[in-house]
Amino acid sequence: MKKLVFISFVSIGVFFGVSILSCTKKSETTVIKGCMDKNSLNYNASATQDDGSCTYARDAFVGTWIIKDTTIDLTSLIPQYQQYVLTIQKGSGTTGLTIVDFSNQNYPITATVNGTLASIPHQNAWGSGCSPWVSGSMTLSAGTLKYAATWYQCDTYTISGSGAH
């Protein structure tokens, strides 16, 4: 009888011991928030949850720029100096830009960014009358936007200049 009572106590002890161990709280996975896009400038390889903080090279181009330039009409080679506003917005994907304001002309010009270079492919700027075509590039260096483009509109002229936000 003593053996039976002893075995019963041992069995009850093992049962409760296993029950208590199986009810212990499991360790939680640590959530690390950050940018999970390998193409971004601030990619975090340790991140387990994307927090929407990704930044891309094209983001540095976005904003309103005051550009001082030299315009040269290639038919007469006469330089004209002027200042204008260039408003740039995010375009498609993570590399696209749209120039939405070119000195209040509202030309929807697109560009693609690769590092500090934005390429403006040959494109029609608005599509009516003596409609202008444009191609060129923009570069960023130490907070200065350098812009160079050739416009083809009734006459051909180039614009090159630089400016800041």
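Fair warning: this is a prediction, and the values are worked out from it, not measured in the lab.

1. Thoughts on the nonpolar core
Thinking step 1. Counting residues in hydrophobic clusters, the biggest one holds 22 residues, and the most contacted among them are L86, M138 and L145.
Thinking step 2. Contributing elements (two or more residues each) for this core: β3 (63-73), β4 (78-90), β5 (96-102), β6 (109-114), β7 (117-124), β8 (133-141) and β9 (144-153).
Thinking step 3. Here this core gets four residues from one element, more than from any other, and that element is β9.

2. Concerning the pattern of salt bridges
When their charged atoms lie close together, side chains carrying opposite charge are able to pair.
Thinking step 1. By the definition in use, this model includes two salt bridges.
Thinking step 2. Bridged by salt links that share partners, the residues R58, D59 and K90 form one connected network.

3. Details of the state of the cysteines
Thinking step 1. In the structure shown here, the tally under the stated rule is one disulfide.
Thinking step 2. Across the disulfide from C35 sits C54; the S-S distance is 2.0 Å. Judged by the sign of its S-S torsion, about 105°, the bond between C35 and C54 is right-handed. Pair noted here: C35 is in the loop between β1 (33-34) and β2 (49-50) and C54 is in the loop between β2 and β3, with a separation of 19 residues, a long-range link.
Thinking step 3. Relative accessible area serves as the criterion here: at 1%, C35 is assigned to the buried category.
Thinking step 4. Using a relative accessible area of 17% as the deciding quantity, one classes C54 as buried.

4. Side note on the environment of P108
Thinking step 1. Residue position: P108 is located in the loop between β5 and β6.
Thinking step 2. Linking P108 and T98, residues 10 residues apart in sequence, is a C-alpha distance of 6.4 Å.
Thinking step 3. Not counting residues up to four positions away in its chain, the partners in contact with P108 are I99, Q123 and A125.

5. Considerations on unusual backbone geometry
Thinking step 1. Positive phi values are uncommon outside glycine, yet A142 reaches one of about 50°.
Thinking step 2. Residue placement: A142 occurs in the loop between β8 and β9.
Thinking step 3. Under the relative-accessibility criterion, A142 is labelled exposed at 82%.

6. Quick word on the pairing of β6
Thinking step 1. Only one face of β6 is covered, namely the face carrying I109, A111 and V113; the face carrying T110, T112 and N114 is uncovered.
Thinking step 2. Linking two consecutive strands that pair antiparallel, namely β6 and β7, is a turn of two residues; a positive phi of about 70° is found at G115 within it.

7. A short note on the environment of D50
Thinking step 1. Along the chain, D50 falls in strand β2.
Thinking step 2. Classification of D50 as partly exposed rests on a relative accessible area of 43%.
Thinking step 3. In sequence terms D50 and G34 are 16 residues apart; their C-alpha atoms lie 5.3 Å from each other.
Thinking step 4. If near-sequence neighbours (up to four positions away) are discounted, D50 is found in contact with G34, C35 and M36.
Thinking step 5. A distance of 2.9 Å separates a polar side-chain atom of D50 from the backbone nitrogen of G52.

Calculation notes
Position numbers for residues count from 1 along each chain, tracking the sequence in the order it is written. In view of the model being predicted, local features appear only for residues whose pLDDT reaches at least 70, and side-chain atom pairs are presented and counted only at 80 or more, with totals across whole chains, interfaces and linings using the full set of residues. The basis for every side-chain value is the complete set of non-hydrogen atoms in the structure, without hydrogens or water. Buried Ala, Val, Leu, Ile, Met, Phe, Trp, Tyr and Cys residues that are joined via side-chain atoms within 4.5 Å together make up what is termed a nonpolar core. Accessibility here uses a 1.4 Å probe with only protein chains present; expressed as a share of the type maximum, an area under 20% marks a residue as buried, one over 50% as exposed, and anything in between as partly exposed. Per the convention used, a helix needs a DSSP run of H or I reaching at least four residues, while a strand needs a run of E reaching at least two, with both numbered from the N terminus. Salt bridge, as used here: a side-chain nitrogen of Lys or Arg that lies within 4 Å of a carboxyl oxygen of Asp or Glu. Disulfide assignment relies on a single distance test, namely cysteine sulfur atoms paired within 2.5 Å. Here a residue-residue contact requires only that any non-hydrogen atoms of the pair lie within 4.5 Å. Think of it this way: DSSP has to see at least two bridges between two strands before they count as a pair. Pairs of N or O atoms are called polar contacts if they sit within 3.5 Å, as long as, within protein, a hydrogen donor faces a hydrogen acceptor (for residues adjacent in sequence, only side-chain-to-side-chain pairs).

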